[in-house]
Amino acid sequence: MKAIRVYFCVFVFVFLQSFTSTNSASNETFVIKTKYELKVETKTKNYLTTNQYNGLMVKLAKKESGSNWRIYSKVKNKKGQIVKAIGKYQFMPCALKQVGFGHITYEEFVKNPNIFPEKDQELAMKRCLAFNKKVLAKHITKYVGTTMNGVLITEQGILAMAHLAGAGGAMKYLDSNGKNNPKDANNTHAGDYLKNFN
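Residues numbered from 1 in each chain as written. Predicted model: local features only at pLDDT ≥ 70, side-chain atom pairs only at ≥ 80, totals over all residues. Heavy atoms only, no water.

Asker: Explain the environment of Ala185 residue by residue, including any values.
Answerer: Here Ala185 shows up in the loop between helix 7 (155–175) and helix 8 (190–196). For Ala185, a relative accessible area of 28% translates into the label partly exposed. Along the chain, Ala185 and Lys78 lie 107 residues apart, while their C-alpha atoms are 7.3 Å from each other. Setting aside anything within four residues of it in sequence, one finds Ala185 in contact with Val75, Asn77 and Val83. (Helix = DSSP H or I, 4+ residues; strand = E, 2+ residues; numbered from the N terminus. Buried < 20%, exposed > 50% of the residue type's maximum accessible area, 1.4 Å probe, protein only. Contact = heavy atoms within 4.5 Å.)

Asker: For helix 7, give the residues involved together with the corresponding values.
Answerer: For helix 7, which comprises 21 residues, the first-to-last C-alpha distance of 15 Å sits more than 12% below the rise-based estimate of 30 Å (1.5 Å per residue). Taking the largest bend as the criterion, helix 7 deviates by roughly 120°, centred on Ala165. Burial of helix 7 is extensive: 15 of the 21 residues sit out of reach of the surface. Directly beyond the C-terminal end of helix 7, a positive phi value near 60° is found at Asn177. (Expected span 1.5 Å × (residues − 1). Bend = angle between axes of the 7 residues up to and from the residue.)

Asker: Can you explain the side chain of Gln156? Please cite residues and give values.
Answerer: Turning to its location among the elements, Gln156 is positioned in helix 7. Beyond its immediate sequence surroundings of up to four residues, Gln156 is in contact with Leu48, Gln52, Leu56 and Phe197.

Asker: How would you summarise the pattern of salt bridges if you had to cite specific residues and measurements?
Answerer: For the coordinates displayed, the defined rule picks out 5 salt bridges. Here Lys88 makes a salt bridge to Glu118, at a shortest N to O gap of 2.8 Å. Note that Lys88 is positioned in the loop between strand 5 (82–86) and helix 3 (93–98) and Glu118 in helix 5 (residues 118–135), a separation of 30 residues in sequence. Lys88 is the partner of Glu122 in a salt bridge, and the nearest nitrogen-oxygen pair spans 2.8 Å. (Salt bridge = Lys/Arg side-chain N within 4 Å of Asp/Glu carboxyl O.)

Asker: I'd like a rundown of the packing of aromatic side chains, residues and numbers included.
Answerer: A full pass over the atoms with the stated rule returns 6 aromatic pairs. Seen from their ring centres, Phe101 and Phe116 are 5.3 Å apart, and the 45° between their planes marks the pair as tilted. One end of the pair, Phe101, is in the loop between helix 3 and helix 4 (106–111); the other, Phe116, is in the loop between helix 4 and helix 5, and 15 residues separate them in sequence. Plain terms: the ring middles of Tyr193 and Phe197 are 4.9 Å apart, the flat faces sit at 40° to each other, and that makes the pair tilted. Assessed through its relative accessible area of 4%, Phe197 is described here as buried. Three or more aromatic residues joined by ring pairs make a cluster, and in this case those are Tyr89, Phe91, Phe101, Phe109 and Phe116. Geometry around Phe197 places Lys59 over its ring, the cationic atom sitting 5.4 Å from the centre. (Phe/Tyr/Trp six-rings, centres within 6.5 Å; stacked < 30°, edge-to-face > 60°. Lys NZ or Arg CZ within 6 Å of the ring centre and 35° of its normal.)

Right, here's the structure in full:
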């Protein structure tokens, strides 16, 4: 019973925290805590400051939606499939499910955007960045600071590329030296995000 109480207290403490970042002169750790993951902590060779993460989010929001958290879109891809996205960062269903907001549907959001308010969208994006950073940790360490197709690779660029094409798409681009360049339903390529979010 004591162990259960301790676990419950830890769980509640973690649930109340969404995003923390600690800085020092020589090292920085980007940490996100949610009720779904007690702790996701990624240490890589290159680090971004909290301001740089916030700046990346601002730039992504502007690119994806003009920073309009109520916006939604529906596009048919080359396979004839309908691709639906919602909100400030144009989240697709798979991304929402991945970060704990799978209960939000496109149809419900269209009827009432308030079911996924801006503050929740910000939290979802922070979770996305943390998840992609964890998955891409080895690639960030390996490629940041190198040049590919005339573009200096940065952590911001890799994380932006992952937002467009998924972590897997970012890996394919990097490991193929840019020859495998995934694109979304709007014909925007992963390499475009790598360059534009440098």
